[in-house]
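One-letter residues, chain by chain:
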Amino acid sequence: MSSNTDTCSLCDLPTPDPPVTDEGVAGTYCCRGCLEVTRSIGGPENAGLTDIDDELDTATSETPDSEVPDSAEETYLAVDGMHCATCETFIESTAADDDGVYAVAASYATDMLSVTYDPERTDVGELDERLSRYGYEIEDPEDEDDEERDGLATFLIGGGVFGMMVMIWYAVFLYPTYLGFEPFVDLGGLDGLYVLGNVWVLSSIVLFYTGYPILRGAWVSLRAEQPNMDLLVALAAMSAYLFSVGAMVAGRTHLYFDVSVAIVLVVTVGNYYEDRIKRRAAGRLTDLTSARVDKATRLAADGSTETVSVEDLTAGERVVVRPGERIPIDGVVIEGSAAVDESLVTGESVPDRRGPGDEVLGGTVVTDDPITVGVSEAATSTLDRLVELLWEIQSSRSGAQRLADKLATVFVPLVVALATLTTVGSLALGTPVTDAVLTGLTVLVVSCPCALGLATPLAVAAGIRDAADAGVIVASEAVFEDASDAEVVVFDKTGTLTDGEMRVVDVVGVGAGEESGALTADGGRTDGGGLASATLAANAEARERRALELAAAVERYASHPIAAAVVDAGPDALPDVTDVTVHAKGVIGTVSTGGGAEEPASEGKVDVAVGAPECLRSRAHTIPNPVSDAVERIRDQGRVPTVVGWSGRVQAVLDVGDAPREEWDRVVSALGADRDVVVLTGDDERAAEGFRRHEAIDEVFAGVPPAAKAQTVERLRSRGTVAMVGDGSNDAPALAAADVGIALASGTDLAGSAADAVIVEQGLDAVPTVFEVAGGTHRRIRENLGWAFVYNLVAVPLAITGVLNPLLAAVAMAASSLLVVTNSSRSIVSE
């Protein structure tokens, strides 16, 4: 590690001026966290990367899961004041000193802290007391969000009202005198004292009330000995304010309270604008997750039921899950049998039947019959998995605004040094004290990083706005950092490239005399033993329509996705059905018909069976060879064959499955023009073969289980930045593992919460928009930062040479900020 006095002896980040030091520890440090880690590992000469990792492991050594008692609780806390990655180590080691803490993990990227602890031995609130002396503060994240949202609006409204009043007083009474006009009142008398007193009081309200978040941020940075943008903004505003107070006491009328007010309001408006747009997007994302499973129907010993929170369920209890409901928690089926749609969890597009003794997963959907599920010992709720996954995702992300804070570690000390040197130099050249102080104040004001501080958040907020207008909710700023550089785009198949909705794709009929050679391998028909081809085709089509009608009539009494697809494909008017029996993989019923050559029936009725080929075979239905060939062909294409039989013989086979989305071809082709496109699916090779043949798709990975999807994405990252597009809960780990995760809103809340962007409109067509908005936002950030630095390069020398005064400096600062705001407000999608 470097021992350069300009950089931290531990992490090599720039150090403040003066740097953080301690008599008992050699070296200079960027923050107290780096110093304390160095102290614990024996000095900077031992601060190798391995030592830091070892120290982190030692400081945060977790109690093995097997040793963590059931009474342990896990909580997530907001941490204010982390300024570099080493702060994580310091906070973790401080929290781990408590004997009642089993595991602790801090996240610099999100200012969050995860703590697993014994509530009987540890009061998490005491962490705030131990960390506060180093400039850190611990809060409940939900309370913090509510207070921040409500408080920022309150600060802005209050500041806007009082700020306007300040400017009115200036415009009427002070600005005319600055321009050489006669004052309306005698500013040197009681009238002037009244005017200036009002300006002072109103400006104080704006600075100390509206500017409180800024002043607090500056104080935290001082306590942590790590300068940030809040510190420079606070220095400029406070300097203008204190100079004006001193000038007013000295009887001068050239005051710069307006400068202080302008600085505070410009920065606060920018912060509010960013917060408002982000909360609007977050609100739409919250709507997507409103269906999350957090309640369960618990079955009591006496047979009664009650609705309880999933968190209140314990091992051994039973819950009732009705058709259409999600299973709230992992468990085992105790009573009943039902087709369970697991596509959102496992990626399997075909519902699977679960009966007594079978395991079921929380988040899957019961489609037909009610079942009773016993809560297993190690069961977790969907909510638990969601919180844990969010922590893993967010902890691995870094926000774009970190760039501005890193720049502040150099920019803030530099500006303060320039202002000080300018003041001292002016005094040395014989400049009056007041003029010298004004020159130094001008340097501070003109260097106030309003434009620099707004450059990133406003561009990001505009990107979030444009994405929302295009039907995309941006949930993480990682989209703007990584999506534009994506070199590999990975698509899930089921529910993403396909629509995930079951439908009857085709009907293949088998009539009398067609048992041998009636169907060719590719589904075509022979001449039927001498009949004219046209006649045979017409008869076959009629039989297929009749088979679909009879199948729909029977299937309407089954509650299964395949049954629903068959009913949707059938005619609106269906014949009556009696004596219906629903089996595990099929349904049988007596259908009232008009009779016919193909339907030997008694009194216009026929017993019809519909279901899986195995089901009808087990019930003594003959399956002709052409049907068996069609069944295999359908399965080869990744779809579900459903056979229809009567009179002891299968008469037709229905080809049921989901279909590719209409837009998938053009979206894949567009993205494949300059990126590698990969398809990832849990279905077998046969189901993915159609996508493998597409010229824009470079690779197809089929038969990948959910647990391996994330690993596959990790390996693909060796090729470059990876973007993952998915929709199901089984995609959530892969979405989190990718540099950029994009989820379709038609999927689950878990997938949406794991993603960096959620598409709520336009389906796959919006995927290219994500990359377009990301690229435009990234470009806008560079433009804004470039302008902010050019402005400072021009304005600071003018302030040092005395060309600008504080008022002109404030105007220049406001104009620079206005340019950044205007640039950010332009639509990105149209670029």
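Residues numbered from 1 in each chain as written. Predicted model: local features only at pLDDT ≥ 70, side-chain atom pairs only at ≥ 80, totals over all residues. Heavy atoms only, no water.

Turning our eyes to something else, we now look at the environment of G188. Topologically, G188 is positioned in the loop between α5 (141-178) and α6 (190-210). Exposure remark for G188: the relative accessible area of 72% places this residue in the exposed category. Between the C-alpha atoms of G188 and G251, which are 63 residues apart in sequence, the distance is 7.4 Å. (Helix = DSSP H or I, 4+ residues; strand = E, 2+ residues; numbered from the N terminus. Buried < 20%, exposed > 50% of the residue type's maximum accessible area, 1.4 Å probe, protein only.)

What follows deals with the sheet that holds strand β9 (residues 318-321). Spatially, the six strands line up as an open sheet ordered β8-β7-β9-β15-β10-β13, and their pairing is antiparallel. Every interior strand has two partners, whereas the edge strands, β8 (305-309) and β13 (359-360), have only one. Relative to β13, strand β10 (residues 331-335) runs antiparallel, the two being bridged by two bridges. Within the sheet, the bridge partner assigned to G331 lies in β13 and is V360. (Pairing = 2+ DSSP bridges.)

Relative to the elements of secondary structure, D658 occurs in the loop between β23 (649-657) and α20 (664-672). The buried charged residue D658 lacks any salt bridge, with K493 as its nearest oppositely charged partner at 4.7 Å. Within the structure, D658 has its side chain in polar contact with the side chain of T498 (distance 2.8 Å). Excluding its chain neighbours within four sequence positions, the residues that come into contact with D658 are T494, T498, D499, G500, E501, M502, R503 and R639. (Lys, Arg positive; Asp, Glu negative; His and termini not counted. Salt bridge = Lys/Arg side-chain N within 4 Å of Asp/Glu carboxyl O. Polar contact = N/O pair within 3.5 Å; in protein donor to acceptor, adjacent residues only side chain to side chain. Contact = heavy atoms within 4.5 Å.)

Right, let's talk about the nonpolar core for a bit. In terms of nonpolar packing, the biggest core is built from 54 residues, with Y170, L255, F257, V259, I263, V445 and V446 touching the most fellow members. It is helix α8 (residues 229-249) that contributes the most residues to this core, 11 residues altogether. With 42 residues, the next largest nonpolar core counts A483, L497, L671 and F691 among its residues. (Core = buried A, V, L, I, M, F, W, Y, C linked by side-chain atoms within 4.5 Å.)

Positive phi, normally seen in glycine, also occurs at D579, with a value near 55°. For D579, the position within the fold is in strand β19 (residues 577-583). Of note, the phi angle at A620 is positive, near 65°, even though the residue is not glycine. Mapped onto the secondary structure, A620 falls in the loop between α18 (613-618) and α19 (625-636). Of the residues examined, A620 reaches a relative accessible area of 65% and is grouped as exposed.

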